[in-house]
Every structure is written in C-alpha cells, then in structure tokens.
Amino acid sequence: MLHNPARFKPSPIEDDSEENDDELEFYDFNEPEPGSPPGTLIIDEDSAIPNIFLIDYNADEALGVQLATPEDCFPYLDSHSVSWVDVQGLGSEEVLKRLGKVFGLHELVLEDIVNIPQRPKVESFEDQELIILHMVTSREDGRGFYDEQVSLILGKNYILTVQEEPENDVFEPIRQRIHRNRGVIRSQKADYLAYALIDAIVDGFFPVLEDYGERLEDLQDEVVENPTRQTLDKIHKIKRELLLLRRAIWPQRDAINSLIREESPLIDREVRVFLRDCYDHTVQVMDMVETYRELAANLMDIYLSSLSNSTNEIMRFLTVISTVFIPLTFVSGVYGMNFDTDIPWNMPELKMPLGYPFFWLVIMSISGGLLFYFWKKGWLFSPK
Amino acid sequence: MLHNPARFKPSPIEDDSEENDDELEFYDFNEPEPGSPPGTLIIDEDSAIPNIFLIDYNADEALGVQLATPEDCFPYLDSHSVSWVDVQGLGSEEVLKRLGKVFGLHELVLEDIVNIPQRPKVESFEDQELIILHMVTSREDGRGFYDEQVSLILGKNYILTVQEEPENDVFEPIRQRIHRNRGVIRSQKADYLAYALIDAIVDGFFPVLEDYGERLEDLQDEVVENPTRQTLDKIHKIKRELLLLRRAIWPQRDAINSLIREESPLIDREVRVFLRDCYDHTVQVMDMVETYRELAANLMDIYLSSLSNSTNEIMRFLTVISTVFIPLTFVSGVYGMNFDTDIPWNMPELKMPLGYPFFWLVIMSISGGLLFYFWKKGWLFSPK
Amino acid sequence: MLHNPARFKPSPIEDDSEENDDELEFYDFNEPEPGSPPGTLIIDEDSAIPNIFLIDYNADEALGVQLATPEDCFPYLDSHSVSWVDVQGLGSEEVLKRLGKVFGLHELVLEDIVNIPQRPKVESFEDQELIILHMVTSREDGRGFYDEQVSLILGKNYILTVQEEPENDVFEPIRQRIHRNRGVIRSQKADYLAYALIDAIVDGFFPVLEDYGERLEDLQDEVVENPTRQTLDKIHKIKRELLLLRRAIWPQRDAINSLIREESPLIDREVRVFLRDCYDHTVQVMDMVETYRELAANLMDIYLSSLSNSTNEIMRFLTVISTVFIPLTFVSGVYGMNFDTDIPWNMPELKMPLGYPFFWLVIMSISGGLLFYFWKKGWLFSPK
Amino acid sequence: MLHNPARFKPSPIEDDSEENDDELEFYDFNEPEPGSPPGTLIIDEDSAIPNIFLIDYNADEALGVQLATPEDCFPYLDSHSVSWVDVQGLGSEEVLKRLGKVFGLHELVLEDIVNIPQRPKVESFEDQELIILHMVTSREDGRGFYDEQVSLILGKNYILTVQEEPENDVFEPIRQRIHRNRGVIRSQKADYLAYALIDAIVDGFFPVLEDYGERLEDLQDEVVENPTRQTLDKIHKIKRELLLLRRAIWPQRDAINSLIREESPLIDREVRVFLRDCYDHTVQVMDMVETYRELAANLMDIYLSSLSNSTNEIMRFLTVISTVFIPLTFVSGVYGMNFDTDIPWNMPELKMPLGYPFFWLVIMSISGGLLFYFWKKGWLFSPK
Amino acid sequence: MLHNPARFKPSPIEDDSEENDDELEFYDFNEPEPGSPPGTLIIDEDSAIPNIFLIDYNADEALGVQLATPEDCFPYLDSHSVSWVDVQGLGSEEVLKRLGKVFGLHELVLEDIVNIPQRPKVESFEDQELIILHMVTSREDGRGFYDEQVSLILGKNYILTVQEEPENDVFEPIRQRIHRNRGVIRSQKADYLAYALIDAIVDGFFPVLEDYGERLEDLQDEVVENPTRQTLDKIHKIKRELLLLRRAIWPQRDAINSLIREESPLIDREVRVFLRDCYDHTVQVMDMVETYRELAANLMDIYLSSLSNSTNEIMRFLTVISTVFIPLTFVSGVYGMNFDTDIPWNMPELKMPLGYPFFWLVIMSISGGLLFYFWKKGWLFSPK
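Every value quoted in this text rests on a predicted model; they were computed, and no experiment measured them.

Engineer: Talk me through the relation of the copies chain C and chain B; I want residue IDs and the actual numbers.
Structural biologist: Aligned on chain B, chain C shows an RMSD of 0.1 Å; the corresponding rotation is 72 degrees and the shift along the axis is 0.0 Å. Taken together, the rotation and translation describe the operation of a five-fold axis. Among all C-alpha atoms of chain C, that of Gly-336 of chain C lies closest to the rotation axis, at 4.6 Å.

Engineer: I'd like a rundown of the relation of the copies chain A and chain B, residues and numbers included.
Structural biologist: Overlaying chain A with chain B gives an RMSD of 0.1 Å, the required rotation being 72 degrees about an axis along which the chain moves by 0.1 Å. The overlap is low: 15% of the interface residues of chain A also sit at the interface in chain B, so different surfaces are used on the two sides.

Engineer: How would you sum up the interface of chain C and chain B? Please name residues and give values.
Structural biologist: If you look at the interface, chain C gives 69 residues, while chain B gives 75 residues. Carbon and sulfur atoms make up 62% of the area that chain C and chain B hide from each other, which totals about 6,400 Å². The tally of links between chain C and chain B comes to 6 salt bridges. Residues Asp-280 of chain B and Lys-121 of chain C are paired through a salt bridge, measuring 2.3 Å at the closest nitrogen-oxygen approach. Where chain C packs against chain B, one counts 22 residue pairs in polar contact (both at pLDDT 80 or more). Sorting the residues of the side of chain C that touches chain B by element identifies α1 (21–27), α4 (107–114), β4 (121–124), α8 (229–261), α9 (269–334) and α10 (355–377) of chain C as the ones contributing at least two each. With 18 residues, α9 of chain C is the single largest residue contributor to the side of chain C that touches chain B.

Engineer: An account of the packing of helix α6 (residues 190–203) of chain B against helix α9 (residues 269–334) of chain B is requested, with residue identities and associated values reported.
Structural biologist: Residue and element names in this part refer to chain B. Contact pair α6 / α9: the axes reach a minimum separation of 10 Å and the direction vectors enclose 10 degrees. The angle between the axes of α6 and α9 places the two elements in the roughly parallel class. Together, Asp-191, Tyr-192, Tyr-195, Ile-198, Asp-199, Val-202 and Asp-203 of α6 and Val-271, Phe-274, Leu-275, Cys-278, His-281, Thr-282 and Val-285 of α9 make up the contact between the two elements.

Engineer: Give me the lowdown on the packing of aromatic side chains, citing residues and values where you can.
Structural biologist: Within the structure shown, the criterion is met by 105 aromatic pairs over all chains. A centroid spacing of 5.4 Å and a plane angle of 65 degrees characterise the contact between Tyr-192 of chain A and Tyr-195 of chain A, whose relative ring orientation is edge-to-face. Taken together, the positions of Tyr-192 of chain A and Tyr-195 of chain A, both in helix α6 (residues 190–203) and 3 residues apart, correspond to about one turn of that helix. Judged by relative accessible area, which is 1%, Tyr-195 of chain A ranks as buried. Ring centres of Trp-84 of chain E and Phe-171 of chain E lie 6.0 Å apart, and the angle between their planes is 75 degrees; this geometry places the pair in the edge-to-face category. Here Trp-84 of chain E is found in strand β3 (residues 82–88), whereas its partner Phe-171 of chain E is found in the loop between β7 (158–163) and α5 (172–179), with 87 residues between them in sequence. A connected cluster of aromatic rings, assembled from ring pairs, spans Phe-325, Tyr-335, Tyr-356, Phe-359 and Trp-360 of chain A together with Phe-330 and Phe-339 of chain D. Above the face of the Tyr-146 of chain C ring, Arg-139 of chain C is positioned so that its terminal group lies 5.1 Å from the ring centre.

Engineer: Can you break down a nonpolar patch on the surface residue by residue, with the values?
Structural biologist: Residue and element names in this part refer to chain A. Taken together, the side chains of Leu-371, Phe-372, Trp-375, Leu-380 and Phe-381 make up a nonpolar region of the molecular surface, amounting to roughly 540 Å² of accessible area. Mapped onto the secondary structure, Leu-371 falls in helix α10 (residues 355–377). The class of Leu-371 is partly exposed, set by a relative accessible area of 36%.

Engineer: So what about the interface of chain A and chain B? Which residues, and what values?
Structural biologist: On the chain B side, the residues contacting the 75 residues of chain A number 69 residues. For the pair chain A and chain B, the summed buried area comes to about 6,400 Å², and 62% of that belongs to carbon and sulfur atoms. Our count for the contact surface shared by chain A and chain B stands at 6 salt bridges. Between Glu-313 of chain B and Lys-377 of chain A there is a salt bridge whose closest N-O contact spans 2.7 Å. Applying the counting criterion to the chain A and chain B interface returns 21 residue pairs in polar contact (both at pLDDT 80 or more). If you tally residues by element for the side of chain A that touches chain B, the top one is helix α9 (residues 269–334) of chain A, at 36 residues.

Rules used in this analysis
- All chains use their own residue numbering, which begins from 1 and follows the written sequence.
- Labels are handed out in written order, letters beginning with A for the chains and numbers beginning with 1 for the ligands.
- Two thresholds apply to this predicted model, a pLDDT of at least 70 for residue-level local features and 80 or more for giving and counting side-chain atom pairs, whereas whole-chain, interface and lining totals are computed over all residues.
- With hydrogens and water excluded, all non-hydrogen atoms of the structure serve as input to the side-chain values.
- Least squares is the method used to superpose the copies, on C-alpha atoms of residues holding a pLDDT of at least 70 in both.
- Two residues qualify as a contact provided that any one of their heavy atoms is within 4.5 Å of a heavy atom in the partner residue.
- Accessible area, probed at 1.4 Å, shrinks when two parts are joined; the buried area is that loss added up over both.
- Think of a salt bridge as a Lys or Arg side-chain nitrogen and an Asp or Glu carboxyl oxygen that are within 4 Å of each other.
- Identification of polar contacts relies on pairs of N or O atoms within 3.5 Å, with a donor-acceptor requirement for protein atoms, meaning one able to donate a hydrogen and the other able to accept it, and with residues adjacent in sequence counted only if both atoms are side-chain atoms.
- Working definition: helices are DSSP H or I runs of at least four residues, strands are E runs of at least two. Numbering for both runs from the N terminus.
- Interaxial angle, 0 to 180 degrees, is taken between N-to-C directions of lines fitted to C-alpha atoms, where a helix line uses only the stretch in contact.
- When describing relative orientation, an angle under 35 degrees is termed roughly parallel and one over 145 degrees roughly antiparallel, while 65 to 115 degrees is termed roughly perpendicular and anything else oblique.
- For this analysis, a ring pair means two rings from Phe, Tyr or Trp (six-membered ring only for Trp) whose centres lie within 6.5 Å, classed as stacked if their planes differ by under 30 degrees, edge-to-face if by over 60, and tilted for the remaining angles.
- For each residue, the accessible area found with a 1.4 Å probe, counting protein chains only, is set against the maximum for its type, and the residue is called buried under 20%, exposed over 50%, and partly exposed in between.
- Our definition puts a charge over a ring when NZ of Lys or CZ of Arg is within 6 Å of the ring centre and also within 35 degrees of the ring normal.
- Without a salt bridge and with relative accessible area above 30%, a residue can belong to a patch; like charges are then joined within 9 Å and nonpolar side chains (Val, Leu, Ile, Met, Phe, Trp, Tyr) within 5 Å.
- What sets the accessible areas is the Shrake-Rupley method with a 1.4 Å probe; for residues, cover comes only from the shown protein chains.

Structure follows, in structure tokens:
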C-alpha cells in the first residue's frame, strides 16, 4: 500500500508578520562565523523539525511511509528497488548529522545542504552526485514567490532530497505518477527519478513567470495612464524580485549543463537526452527573466517620461493662466491709480464717456491675442 | 498532376478582438504542469485542426495532395522520391500523436513540436534532424508581426514541417518552384529542400525589418518635431516588438550554425555551402535588429530631451511675461494708494502736472530694460 | 601604353534630391523575396551600367583598357601577368551573369556580389578567395560618408573587384603606383595587389574618422556654450552615422583576421605579414569608432545637463523677481484699500505726515532683505 | 604551553582624524618611483613595526610565542611540526628584508608583500606558493569596512602570513582551533592550515555584506519616504564602497581558482576539495556584491524619480493656488479702477445695490469652477 | 667616462598656444593617404630632429655618448656589451630611414615607429622583437597628461628605443642605475634592460593615476557642495582623459602578455618572471582606470541629481512666497474696490470701526495657516 506523504504536511502558516519576506532573501544567509571548521552546521531555529518521507518502488509495487529516524532508511537502501528519501525541514542538527552518516555524506556536502542558501551547483563524488537547485513557487497572496533550496543526492539506487520547509514543493505530481504508475517512471532507475525531480523544479519557474508577465502588463497600463508614487514602488519591487529570480536560475543552467557533460556513471545515456530537454527549458526561463528585466527597465523609463510629461502639462496650464491675467491685472491697476485727474494730462481716459467699455476692449484684445498665440503653439490643449 | 495546397488555406481571419495580440507573445507559453511526465502535450483549444499537405517530387514529376490521416503518408515515405509533409495547425492531440508514430518521433520531439513556443534549436537523432525555427511575417494592419514556430524533421528522403497555424507561411514560393520546376530544387534531395525552407524562413525577416525601418524613420520625425504622449507609447511598443524579434533571431543563429558544424550524414557537403549563406543572412538580420534597438533607445533619449526642451521654452515664456509685468503692477499699485496727499510728503507725484506721462515713462523704461536683458540672454525667441 | 581608367569615370552627380541619403542605408537592402531560389539577383534600377576596366601588368610593362564585354577578359586571364578586372556599377543582370561565367563564380558568390549590402566576410573556394569589404569615403558636403560594398575575387593570377558605383573609389593611388611603377607592386603577384587594395580600403576610414573628430569637437563647444534643438539633432545624427560606421568596420576585422589565419594557398606567407599590418589598422579604426561613440554619448549627457542648468537659471531668475515684488505689491495694495479713515483704527498710516516715505522705507527693507538672502544663496548671479 | 598572540595586540586606535578613511583606499598605493630597480620596498611611515608571532603544532602539542627577530624562526622551520609565522605590520624595511632572507623569498615576492595594495593573485615558485588576498572586516562605527592585504607564503611545513596591521584580523578562531584542538586541524599539514586561513578570509566578507544589506534596506525606506541631499550622499557612498568591495573580491576568485587548478605539489588532493568549497563561497560573495551594486543603482533611479515626483507636486500646488487667485485679483482690480462713474457707461456695477454680493458670486463661481477642473484633473490631492 | 645623455635634453617648451592639447590626441593620427605603398613615412613637421643617444655597458664599465649619425652605432652593435640606442624625436625622414637600415628594420616596422600613434603591440621577427608601448607622464600644469609612443626594438645584444619627443621620458632613473651601477642591471643582458624600460613605462602610469585620484576627490566635494557649469566641464574633461588613458593601457596588457607567452628566444626565462610582475602592474593600472571611470560616471549622476535638487529647492521657495502672498494681495484688492458704500450691502466692512484690524487678522490667519501647512510638508526649510 502506497502512503501519500503529502497528507503529513502541516498546513501553510499565514505569516502576516513577515511583511517584507521577499526582501529578506537578499540579506539573509546562514554562514558560519569566519574561521569555523568546515562542516559547521548553522541551524535556523525557526526552521521546521525534519520530516523524513520514503517512497520505495519498482516496476511492480510502490510503498510510501514516513520514517521516524534516519536510520530507518537502511533496509530500503539495500534493496534493489529505487528509494526516494525526502527530508522536509532543517530544524534539527542531530537528525541532519545522523542523516549524513546514513548516506555517507562528506562534511562539506552536509554543510552545503544545511547552511542555506547555496548557489545551485553540481558536484561529483565517488558514488554520489550532489545537485543543489532552487525551487520557486508562487505565493498565494501574489506578493512575489517562495525560493527554497532543494539538495538532491543521487546514488546508485536511491535519491535523497532535502528541502528547507515542509510546505510548497512541486514534487506532488511525481509522487502521484509513482503512486498511480503513470508514464514510465516506475520501470526506470534512480537517475530517471532525478531527471523527473529536476524537470519539476525547472518547470516550476513557468507559473511564477506567468504571474510576473501579468503583473508587468498591469503595471504597463498603470504607468502610461495614471503613474503615481505607488507605481514607482511596484516597478522597483518587481525589479528586485526579478533580480532574485535571475540569481536563482543563472547558476542552475550551469549546474544542469555540467550534469549533462560530466558523463557521470550514475546517469544513463538515455536519461541524458531528457536532461538536455531540461536544459532547454532552463535556457528558456533565463530568456524570459532577461526579457522581463528589460521590460521592467523600460517601465522605469516610461515612468520618468510620464512624470516629465505631467510637469510639462502643469507648467503649460500655469503659464497660460498667469500670462493671460498678469497683463490684465496691470492694466486694471493703472486705472486704479489716484493721479489728480483735474490736471489735463493725468489719465484723461477715466473721464472719457466710453472709457470703461474701451478698457474691456483692450482687455479682450490682449487676452484674445495671447490665447491665439497659445493655441498656435499648441499649449492650450494637452496633447493626449 | 500537382495540386497546389495553398488553395486549401482558409482566408486569414480579421481578429479585431485581439487588440494586444503582440503583447500576449511575451507571456503565453504552453508548458505542461510542473511534474508532468515528459511527452505531455498541451493542446491550445483555439488552435486549428491540423491539415496535412503532401508534396512528393523527383526530377521528373511532382504531386501535391491533402491527406486525410497521418497514416496516408506511408506509401509516399517508402518511395525514392522526396516527400514534404506539411502539417498546419496544432489543434488535435490525437492526430499529432498518430503523426508522431508515423514518423517515429521521440516523445520529447513531439513535445517540442506541440508545446509552443520553444526556442529555436537543432537536435540530432539517429536518422532524423529536428530543426525548430521561428517564422515571422508582417501583419497587414502594420501592428507588429506574426511569430509562428515551424518545426522541421529532416529524414533520409522526407521532410516533415509542422506549423502553428494554416495562415501566413513563407513557403508558397518554394511550392511554386517545385510545381513549376524552377531552379534545381526538383533534382535535389531532401536536404536541399530543408535548406530552401530554412532560407525562406530567414529571408522572411527582411520584409518585417523593412517595416520597422520605416516606422523608426517616421517616429524619428515625430519625436523631433512634435513629441506627444502617443510618441512615447509608440517608442515603447517598437522597443517591445524589437525585443521579441531579437528573441526569435538570436537562438536561430546558433541553431543554423550547429547544423553546419555538426556534420550530420543527412546533410550533403554541397548543401552545407548553401546553409553557410543562410547563416550569413541570419547574422545580417541580427545586426539589423541590434541596430534598430539602438536607434529606438536613442529615440527615447531624444524624446526626453525634447520634453526638457519644451519645459524650458514654456518656463522661459512664463518668466519673460511675469517678470516684465510684476514690477509694473507694483508701480501702478503704488500710485493707487490712498495716502492723504494734502500732507506734502505723501505722494506728491499724484499732483504733478506730468505725473501720469512720467509714470508711463517709468513703466516703459522698466519693461524695455527687462526685455533688452532677456533679448541679450536669448530668452525672447525660441532657439528653433 | 597604360590607359588610366579613372578618365572614364562620369563626374559625380550632385544628388540634392536625396536629402537623407545616409538614413536610407539603415533601411535599404536588396534581398530577394523570401523563398526565391539561391542565386536570384536583385538589380537596383538606379544603379549604373557596369563598366569593365582591366589593368594587366608584370614587372616590365603595364596595360590599362576598358573592356566592352566580360568575355574580353579571357585573353588576359590566361597570360602569366597579373590581371586586375575592376567592374564599376551593378546595373545589368546580363553583364553580371556573363561576368560570373567568365570567372567561374558560384551562384551564391554572385548573389553576394550583386545583392548589396552584405556584411564584410571572407569565403574560401577551391581556387578563389571571396573577400567582401565596405569602402567608405567622405562626402564633399560634410553630410556623413558614402558606404560602398567592394567584392574582391582573388584568383591565381587575377583579381576581380566589383564596386557598387563608378564614383568615389580609393583605388586611384594604386592605379598610379602600377602605372608609374612606384614601390614594388609591379614585381609582385596578385596576392600583393589584393593586400594593396584591402589596405587602401581600410586606410580610407581614417579621413572619414578625421571628419567626425572635427565635427565632435565643434559639437562639444556648441553643447557647452549654446545648446539648441539643432544641437540635439546633430548629436543624434552623429550617433546614427557612427553606428553605421561601426557596422561597417566590425565584421571587417573578422574578415581580415580569417584571411590571415586561414592559410589559403593563394596568399603568400610574406604577404600575410602585410595583411597583419592591415589588421592592426582595422583594430585602430574600431578603437577610434568606439571612442567617438562614447564621446557622442557623453555629449548627449552634457546636453541634458545643460538643459537642466538652463531651466535652473530661468527658474532662479523668475523666483528672484517674483518673490521680491509680490510682497511689495501686497503692501502697496494694503494702502490702496478704502477703509473709512475717519474711524481712528482704520489705517491711520494714511494720514501720518511721513506715511509715504515710511512706506518706501518698508518696501526697501523688504526687498533689500530678500535680495541679501538671494545673494547669500548664490541665486543672484548665474554660476558661470 | 600555548601562548595566545592575540594578547599582544594593541587596542585599536580610535582614529577620528581620518574622516574619509575609506576614500583614501581608492587613491593610495605604494608604488616605487617609475624606473626603480625591482625589489625596491616602500615603507609607509605610519605603519606599525612588525610583530612576529609563531604557532608551532603537531597532533600532540601546540606552542605559541612572539619572536623578537625573524631569525628566531629557524629552529621551528626545520622541525617536522607545522609552523605558522604571522607577521603583523609593515613598518620596518630591515625586519622585512631579514624576513625575506629567512624564508628565501624572491625579491619580487617581497615587493608584492610590502608595497601594498596588490591585486589578489597566486604565484607558484619552486617550493613555495605565494597567495595574496584581501581581508575585509567591518568597522565598529558602521562607516564602511577595513580592507587589509594578507600575503600567505605556503611552504612544505610552514606558512608565513604577512598582514598590514596588527588589528582586525579574522584568524582568531583558527588560533583557538589550534590551541584547543578543535576539529581536525592539528592532525593536518600546512596546506590544510592554508585552506583554513583562506576560508576565514573569504567567509570574513559575509558579515561585511550583511552590514551593507541592512544599510541598503534602510536607505531604500529613506529614498521612498523622505529623500534628502543626505540620501544622495549615502547612496553615492555605498556605491563607492561596493565598488571597492568588488575590486577586492573579483581577482580573489581567479586566485583561488588557479590554486585549485594548478596542481601544486604543496597542496594535497584532499585539501583541494576544501578549496573548491572556498571557491564556491567566493562566487557567492561576488554574486551578492553584484546584486547589491544593482540594488544601489536602482536606488539612484528611485531617488531621481522621487525628486521629479516632488517637483511635480510642488508645481501642482503652486499652479492650483496661483491660477485660482490670479483671475480673482484681476476682477477685484477692475472694481478698484477710478473711472468717473458719473458717466453712465463707466462701471455702473459700482452703484448697483447688490454689486458687492454679486462680485462675490462671480468670485465664487470662478474659483469653484477652477477647483472643480483641478479636482477632475487629479491635481488637488497628492497621489500618495 | 660615462656621459649622461640627459644633459643634452632641451628644456621643455612652454607651449601655451596649444590650449586643448589633450583633445588633439583623439583626433590626430599620422596615417599615409589611403592607397600609399607600405612603408610610407609621415613626418610631422613640428616634430623635433632626432637626437641619438647611446649607452653601452657591461658588468665592468658603461659609456654614454650622443651620436651624430645612425651609422655611428655600428661599432657598438658588434661588441659583446649591451648597447642601448635611444632616439628622441621623429623630425627627419632621412635619419629615420638610415636608422632603419642600420638596424635592419622591416619597412612596416619603420612605418609603425614613425607614423604615430599606433596601438601598443608586440611583433616577433626573426632576430628582433618590436614592442610598441605608450608612455604617459603628468603635465606640470595639471591639465591632463602627455601620451608619447615609445617603440622598443629588442635585438640580441642591443635595444633601440624611439621616442616621439626629447622631453618627458621616464627612463632617467634607469640611466642612473646603469651609470651608478645600482642593482643588477649592469650584469644582465639586453632582455633585462628591455624589462627595466617596460617596467618604467608601466609604473609611469601610477603618478598620473594619483593625479586623477586627487582631481576626482576634489570634484566630488565640488559636485556635492557647489555644482556649477564649470563642474560639468571638469567632469566631462576627466571622463575624456580617462578614456584616453584607457585606450593607452588596454592593448598594453595584451602586448605584455603576448611577450610573456610567446617564448621568444631573445627573452630569458628568468626575465620572464620579471615581466609577469610588469603584467600584474598593468592589470592593476587597468583596474584603477576602470574604477576611476566608474567614479566619474557616478559624479555625472550626482551632478544631475544636485541640479534637480536645486531646481526643487528654488521651486519650493517660489511656491512658498507666491502662495502666501497671492491670496493676501487678493484680499487687499477687494478692499480697494470702489463700490458705492452708501448702498448698505456694498462692502459694509469698510465702515466698521475695527475693519482694518480685522483685515489684518484675516491676513494673519491666512498666511499663518499656509505657513503651517508648508512647515508640515517640510517645504519651509531646505533638507540640508
């Protein structure tokens, strides 16, 4: 009977407190103190206690159980079936060290697995391949994405995967494929499972990218139609997040490429064809990220241009109103002067019978002339 | 009797509803769910039902028919003549899977053909070459271009091409060349046909580029002479579209280059000379696209400068009018004060016989002086 | 008797109609319709009818004639002397095709020669080297430069050069060197002649660059001292032209480099030393072009800064005048009010004996204070 | 008995006088006069007199002493235990030259050690490896970081390290590991010690980077919420410092990489695995620095946008107030004119019974209309 | 007796006429007419007549003389001692050609030496190495630097150096080292002398860089504290000069690198170690130049930000003053109207006993309210 390990997963916690969760990723890294001996593990105390799930399968049957201790793996590792040990959570130094012993991990490998985040990379050991990748998943609230390190250890007939947290993985469909015997996965070796997991991680970038595509499209309308200070924040935020995404995908390409080229005896020639497909997808993701980054940079330019445009329009309005009324005010000021009109040269206009209508005529001519001038200049109406 | 398959083509639908058709291309991709087994096909339900056209020719005769089912290809594939099977439309999973079986395609190859868009690439298989390219054609309405994936499978004596849609292909002249026996094409093998198709796809970029050349030239005049908010939109739009074009052509170069270098037994040495010519054209297209991108970036700079220039001019106008009239208004305000002129020190000017003419003299001097100052500064006339 | 072919050249036509001649170069290219068979020639109907000049020389004698038909070359090609066939003009498909037959050109070679512009490149054939270069010459009117494609076919004892137009070539000094037996050229083989021609084309970039150097220096003064809208246009124009120049010289470097490396049997080891010198000059030209492009980009920055500076200065002037007079106007407005001064609290100042002088004192203090403030701020005088 | 050399360290001097200490690093370098013979040492007179500390250990025991003269090293170098000679300070030419003699250093090596700063590099000599690295440590006052050159000479059974100054090194934990026999270090050779030192230097970048992460986060809030001139200074400062950090880490990567690749007999194959881990960390540091640099560049963009936004808002406020009151002032000016109202056409409004209330009605309508217009335009309230 | 050739040097001429001497370097190059035969020398008529200095030395003795003719070198070249022939000035074609004959130079080598400026490069000939470098020296007036081409010909037991001008070389200390027998130079071969000269040229960049470091530091203070139009000019000037410096140093690196790699028999393995040190210094110079260029680019950004800041501040001041006084002026204008106050509804305020004090109360409230609003907004005081 196959047990579905996903049922053990705790429901994702709504961590409202971490408002700027995505920003932290830039600045947090669990590096031991400079000068510490190699293999020093840094345990993040907020991290979940590791759950150990095992799926053991061959062409005929598949078994899924949660293990209590790392040492419970031993009977499965010795069998001829493929064993996938999936560890979720990095919260216990003791469990992780025992895990390292069970799988015979080099102290530096264990350090790479535990002291997250590491750059994606592939390292070959005598009878193991260490593959470190970053798995991204969309956030439900639309505020960016989760970036989680996944470490794969590929051995002769087993795979060990270590995830940062119990939530948000992209491996569920693979568990289903093994469980329901869909496709050829059950009849294949551990290397094919490794390919399937890597493929799921790489393809997991696409939904995240789709989110960003939509956000960029929305932002573009906003920038052109109604740019505000929030727009600037949003552009900046999207640029930061794409920067993060780029950092996650670039080294992934090199890692997968070296996996293809390195001709490890653990990976079959036929599976390498599938990995080449993975590589193509990674390049496609990189392409998208670079395109989105360029689009976001363009948005910044348009934002600035829109601002300049807006200042221009405001200035034009001020100029039209001011320059029309300022001369008029002067003229009215002239006739408000108190020169003694008994003296003949002093403002005889004030006593002329049609002085006031004539004043309005002057006013009309001046303002009319100026408005005509502005109309000719194209300053009267906003060039929508 | 040679049948002209172009006659089967439905007339292009005027899809007015898709206003931002070109934008979608950035964000849409038909990737299977992360974790799906390899070979999972994603059928876009808006896609046309595949039409299968066959052209079978040798030096002596040429035949063109539309086939009802993929299996109808079998008799032609076995013959010694060259068979070109052209499938237009990706709307039926069943037909595509049967097609895959007829031509013996790897499941990943079929996935690459169906789950569009893929990056242009070349992959070698035992007795087949998979060549994925992007074909662009100008839109009749001048709003950008159509970008369609074309997958070529080159076998020993056949070629399978799969297009996204029945409309807008660039292969018509080649059908005519086969039909009318123009040039050497009828006496050549399938590899020469592959070259001819690739060449047509690459050369198809030139008319699109010519459109962009004209649009850039128009935009340049507009930016310098009368920049408006629309201009900004247009520059942004052209930048986006050139970005798309660039994404289509860059990997094409690598694909064609690897085709030349790889020394596949399916491609004759002589045909490789022709492909080298194709490669040169691809590089030329890339060159043009990069040049246009730089020109578009320059336009953005000029747009911003023009805006600044315009703000400057408006400011200058406001400044001239304001600073001329504001002092005058003050002077007229002074003589509008109601100081008791019976007291001798209080505004004796009001009672002077030539007070009013003298007032105008003052006004004239002030405004004349300021205008002279502005004229010296060069603020009076716009530096056209 | 050596005939000087330059005498046949028609005088350059003053084509005033083509105002934006240099812009066309971005957008015009003679590509056959997509899908045309290889070797399709596109004849620009404005192009001149090809003139065929022949110079045949050895150490002892040199002969220069204009030939009526391509076939007239045959007797010279068979001789042991070096034959330089120089074709000027691409206006006749028939002549060009016959020329192709005379020299045994591959159909793609003929296409590259005729369907201008092609990117500079070198291609090796069995007993021929195709060298495509771009030759630039300064325009007499100072509006940019002419960019003409020159195709060289180097054979065992002959060279075929094909130029776009009869005017503006840089080969005259070489004709003179052959004619007057200057230097060692007469005693050398065809490969040395090829070097001499390539060297003349590369060195032809220097006078053009010198023009741009001068124009940049002039522009720099203009930008700093008196930036106008024209300045912006000029900067943009120079940037466009340098972009063109760059596109002409970059692939030239690769072409000459491959000529040196490829070890063609047609080029002597000793001549390769001379070509290395050519290569150095090409790199120097590229260096200059990149430097000029950076200088032009800097000019754009300075232009924008100058504009901002200018806006700043205008604003400062407006602010000084406005903020000095606006309070004064208010004060004068106060004493223009019509409060009933018979009531003791209502504006007793109006009846005070020294009210008016005191008013001026107030005015002076206010404006003096503001001016002092502005002087301290440094807003009074433009920071020249 | 193990002596802890850290106890000899003078307390760090609070050098308040060097306000722009971090700027000096850009401009100061101790290069001998051009034309000096190689090996010319430049002694900075502010530099501390060299202290020489020795730690000599094997698996069984460890000894730490301060040596009076370089020659005191001799007995330790000849033993089979690992000797780590740590020289702190570059203030005495004589001591350094004697040191060079004791360790048999090439004159150029001594020059590289003394004439700081040099670029990080690795050079192989017959029985020595010269490794020049830069060690950074956070400053206590938060004003940037200290950048100190550390030169390692790796010999068969000894390591010589030369530091610029006695303060601020990152080697203390390693001294403790040797002293307290933590980890495997005591049972390893000199190459492992070299790895441990290099690892400590590389990991020393992480706390510095963490500081910058926090500063960038603070700055980002400041830029968006309240950008001032200080903000500009801070962004500029952070950009300069990240530039310095980048200059320190980039060549470090190449240096460590060449150490791994070069296959020096002095470095064991097993230790090379550890160095590969070091290399990964260096790449990670570089990644962070580049990301931070991009974030800082983004901040500059946002700063400029915020300024434009602010100008816009001020302009809008000025425009609203001015354009509302300027027409009103004109109207009130009209009724302040002194036309002789006895003449019937001259301002009959002044004598109308409801003239004044009607005047206010006009005023209200005008200002109300303008305010409505502004409200529609969205100019009334800042788009927060 | 050793003659010190430096005594022959004419005192540097104060060429005040060449105000923009450093700009010329961008645009001047002595290239022969396109199409000239190879080896055509271009003599700049302002150039000095070549002086020929010879230093001939071995471990025992050293001799320094000025030679009258190139042919006077012959007796020294044949001896076993090292001969350094230093030619200063390029003003005589005849002397240079004779020099070419004496040293057996290829015509292209002579062209490279004479037709300055050439890009730095290294070319190997059978028994000679041509090394072309650029030597920079600070100008005494602080206006940039002198850039002079130095061509070194390294032969078996001689070195020929050709400098553009007699002034400003960096070789004096080397002459002194030979003269006074300092260091090992006297006991070494010609290759060591070549190293010493190259080293002096490379190290000669450091003082020039130090000048730029100081100028950048000064400029930075100026940009932040008091940016004027001059500041813009200075930034532009420094950017141009750094561009020049970059053009001089970049190819120098490649040149020295190829010298190390090429394994010329003329250069001893031991001397190659010294050249590697030279190479490190060149890379360090490049690093500095790139850093300075980035700093200069940053200064431009800060300049623009400072301008925007300044415009902002001016606008704020204008807005505060204008918007405070414009409503006040309106109010005072209202009470200056001449409505007939005998009619009861017409401006009864004018006759109220406390009308005037009440008017001031209104004025105070309005201006107080506005000032409070501005203070809250933070517009009252410049955010210093």
